[in-house]
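# Residue-level structural notes
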Amino acid sequence: MTTGRHTGAAAHHTVEGTDPGLNVVTAVPESPAALPPVLLIHGFASSVELNWDKSGWIQALLEAGRRVIAVDLPGHGASSAPEDVDSYTPSRIRADLLQIASDAGARPIADGHPDSGLDVVGYSLGSRLAWEFGATQPSLVRRLVLGGPSSRDPLAEFDLVAAQRFLADGTPIEDPSTATLVSMAQASPGSDMYALLSLVEGVKEEPYDPGEAVPRQPVLMVAGERDERVATIERLRELVPHAEVLILPGRTHVNAVTARAFKHAAIEFLAQS
């Protein structure tokens, strides 16, 4: 990085006595703004490198004076791939993220301290985690940006048995959504397919219902015009009528995250007090 320090290292912390082995990337701008750090949460079968670094997000945030905390989810990127499914449940991941943010210096929101709190940007699966993280951490999370969000979790309908059979002997996957997700995961460099299936299993153990816990912070939702999930944003807006929405012309769920307009809108939104 030309505008700040950009380092990645395995996290050295424990959550309930267990080291989650998550890879944490931090980036510090040369001229920090008086604003909170930004936590980045990537999507399924992605990583910090793919979702946030190569797409220019980390560089853009640094240029805006923002400190960055980015985490490879379990079984993704440079993070470890635990054998126990409990390590992949959304509640466990959120607990790990909370500890990581605290270790990186994030502190609860305090009047008169504009750099207190934490801003969160999530994409796809990361937007589900960000929604729940914001809802459960109102004293810490200041603003939320949800990219490619959905009012229902596509992984909940994932045919786990079919995917396991496909990996074992090549039996074709009949469900189109499952087949697409498996193909996407296989195309992701360095993917551990069995770890990704453990993540799917962990997500299934905790079904997503956005109405159960609703974030009260300012929210920006961004989706591609051609994203198959874009229609569900209206359901989310019923829950958070104060939310701002940006639809990116011609973009899909796969390529919306790379849009310059997405970065600019998010950075501008997160710069507000």
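In this report, the structure presented in the accompanying data block is examined.

The secondary structure content of the protein amounts to nine helices and eight strands. Taken over the C-alpha trace, the protein has a radius of gyration of 18 Å; the compact-globule value for 273 residues is 19 Å, and the two agree within 12%. Carbon and sulfur atoms form 50% of the exposed surface of the protein, whose accessible area is close to 12000 Å². Treating the 21 positive side-chain charges of the protein as one cloud and the 35 negative ones as another, the clouds have centres 7 Å apart.

The biggest cluster of nonpolar side chains holds 52 residues, and the ones touching the most others in it are Leu39, Phe44, Leu118, Val120 and Phe158. No other element matches helix 7 (residues 193-205), which puts seven residues into this core. Leaving out residues up to four positions away in the same chain, phenylalanine 158 has contacts with Ala163, Thr178, Leu181, Val182, Leu197, Val200 and Lys204. One finds Trp52, Ile58, Val222 and Ala259 within the second-largest nonpolar core, a separate group that totals 27 residues.

Now for the side chain of histidine 76. Counting through the fold element by element, histidine 76 comes out in the loop between strand 4 (68-71) and helix 3 (90-103). The contacts of histidine 76, once residues within four sequence positions are left out, are His42, Gly43, Phe44, Ala45, Ser46, Leu196 and Leu199.

Before going further, it helps to spend a moment on the packing of aromatic side chains. Within a pair of aromatic rings, the relevant descriptors are the distance that separates the centres and the angle that separates the planes. For the coordinates displayed, the defined rule picks out three aromatic pairs. Taking the centre distance of 5.5 Å and the plane angle of 85° together, the rings of tryptophan 52 and tryptophan 57 count as edge-to-face. Judged by relative accessible area, tryptophan 52 falls into the buried class, the value being 0%. Where tyrosine 123 meets phenylalanine 262, the ring centres are 6.3 Å apart and the plane angle is 45°; that geometry is what we call tilted. Here the residue tyrosine 123 occupies a position in strand 5 (residues 118-123), and phenylalanine 262 occupies one in helix 9 (residues 260-270), the gap between them amounting to 139 residues. We classify tyrosine 123 as buried; its relative accessible area is 4%.

For the rest of this paragraph, the subject is the layout of surface pockets. Considered as a void within the structure, the largest pocket measures approximately 550 Å³ in volume. If you trace the largest pocket, you find 30 residues lining it, with Gly43, Phe44, Ser46, Tyr123 and Met184 closest to the centre. Elements supplying a minimum of two residues to the lining of the largest pocket: helix 1 (48-53), helix 4 (125-136) and helix 6 (176-187). Each pocket or cavity is described by its volume, and for the second largest pocket that value is around 310 Å³. For the lining of the second largest pocket, the residue count by class is four nonpolar, five polar and four charged.

Calculation criteria
Residues numbered from 1 in each chain as written. Predicted model: local features only at pLDDT ≥ 70, side-chain atom pairs only at ≥ 80, totals over all residues. Heavy atoms only, no water. Helix = DSSP H or I, 4+ residues; strand = E, 2+ residues; numbered from the N terminus. Rg over C-alpha atoms; globule rule 2.2 N^0.38 Å. Areas by Shrake-Rupley, 256 points an atom, 1.4 Å probe, with all protein chains shown as cover. Lys, Arg positive; Asp, Glu negative; His and termini not counted. Charge placed at Lys NZ, Arg CZ, Asp CG, Glu CD. Core = buried A, V, L, I, M, F, W, Y, C linked by side-chain atoms within 4.5 Å. Buried < 20%, exposed > 50% of the residue type's maximum accessible area, 1.4 Å probe, protein only. Contact = heavy atoms within 4.5 Å. Phe/Tyr/Trp six-rings, centres within 6.5 Å; stacked < 30°, edge-to-face > 60°. 1 Å grid on protein atoms, 1.4 Å probe; cavity = no way out; pocket = protein on both sides within 12 Å on 5 of 7 lines; lining within 4 Å. Points joined across faces, edges and corners; volume = space filled by probe spheres on them. Nonpolar A, V, L, I, M, F, W, Y, C, P; charged D, E, K, R; others polar.

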